[in-house]
Amino acid sequence: MPLGSIHNLIDSNRRWAFRMTQQDSAFFQRLVNQHTPEYLWIGCSDSRVPANEIVGLLPGELFVHRNVANVVIHTDLNCLSVMQYAVEVLKVKHIIVCGHYGCGGIEAALENKKLGLIDNWLRHVQDVQQKHQQRLAENLSEKIMPDALCELHVIEQVVNVCRTTIVREAWEREQNLTVHGWVYSLQDGLVKDLEISVAGIKELDSTYETALDRLSACSAGTA
Ligand code: CO
């Protein structure tokens, strides 16, 4: 599709809607009548990481929240509202926090770039970096530092998700809900599971420690 004209997008939309109904004549009608995604995706706004496409899911199958550098903080009403609706109304079974290598937000935080208002948002990434300063310094060479921070950041955001009132209360009422941490590679389009899947508050601390240990071991080339 040639770039430069907004009309191209409308034309492209027409063709897409036509294709979808050709493949399945009831497709849109079905979606009008029900919304039952099983997954909530919390990812980066980066245009190279389109949530549905990279996991091969159709409209209706993935509830999505994206922001710069897939940050989950306890006072972000936007993210919390998405999460609450997903968990309490849609009753998703999985929440996936998906970061990506080569994330501009992570790199800007690491390089302490001055980009304006967004510096305040990325301060949360820098907090993760600072929290794990020793781990990063001891185990990681500079070359893989951005990758390591991408992974550490996802691990910390999984913890943040698990500690929200929304997820804790879901677990208290024994709702089936698992939180996962993934990182997507722009290089080959593949997702790496950081193996920090948590299905209950009691598992959180040990899963977190194991994920951190695994990360250090991988980065040091010992695993
Ligand atoms: Co990004």
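Above this text sits the structure in question.
Residues numbered from 1 in each chain as written. Predicted model: local features only at pLDDT ≥ 70, side-chain atom pairs only at ≥ 80, totals over all residues. Heavy atoms only, no water.

(A) Seen up close, the packing of aromatic side chains. Considering all chains together, one arrives at four aromatic pairs under this definition. Taking the centre distance of 5.6 Å and the plane angle of 75° together, the rings of tryptophan 16 and phenylalanine 28 count as edge-to-face. Remark: phenylalanine 28 occurs in helix α2 (residues 27–33) and tryptophan 16 occurs in helix α1 (residues 6–23); sequence separation between them is twelve residues. Residue classification places tryptophan 16 among the partly exposed residues on the basis of a relative accessible area of 31%. A ring pair is formed by tryptophan 41 and tryptophan 182, whose centres lie 6.3 Å apart and whose planes are at 80°; its orientation type is edge-to-face. Taken together, the residues tryptophan 41 in strand β1 (residues 39–44) and tryptophan 182 in strand β4 (residues 178–184) connect sequence positions 141 residues apart. As far as the burial class goes, tryptophan 41 and tryptophan 182 line up, both buried. A connected cluster of aromatic rings, assembled from ring pairs, spans Trp16, Phe27 and Phe28. (Phe/Tyr/Trp six-rings, centres within 6.5 Å; stacked < 30°, edge-to-face > 60°. Helix = DSSP H or I, 4+ residues; strand = E, 2+ residues; numbered from the N terminus. Buried < 20%, exposed > 50% of the residue type's maximum accessible area, 1.4 Å probe, protein only.)

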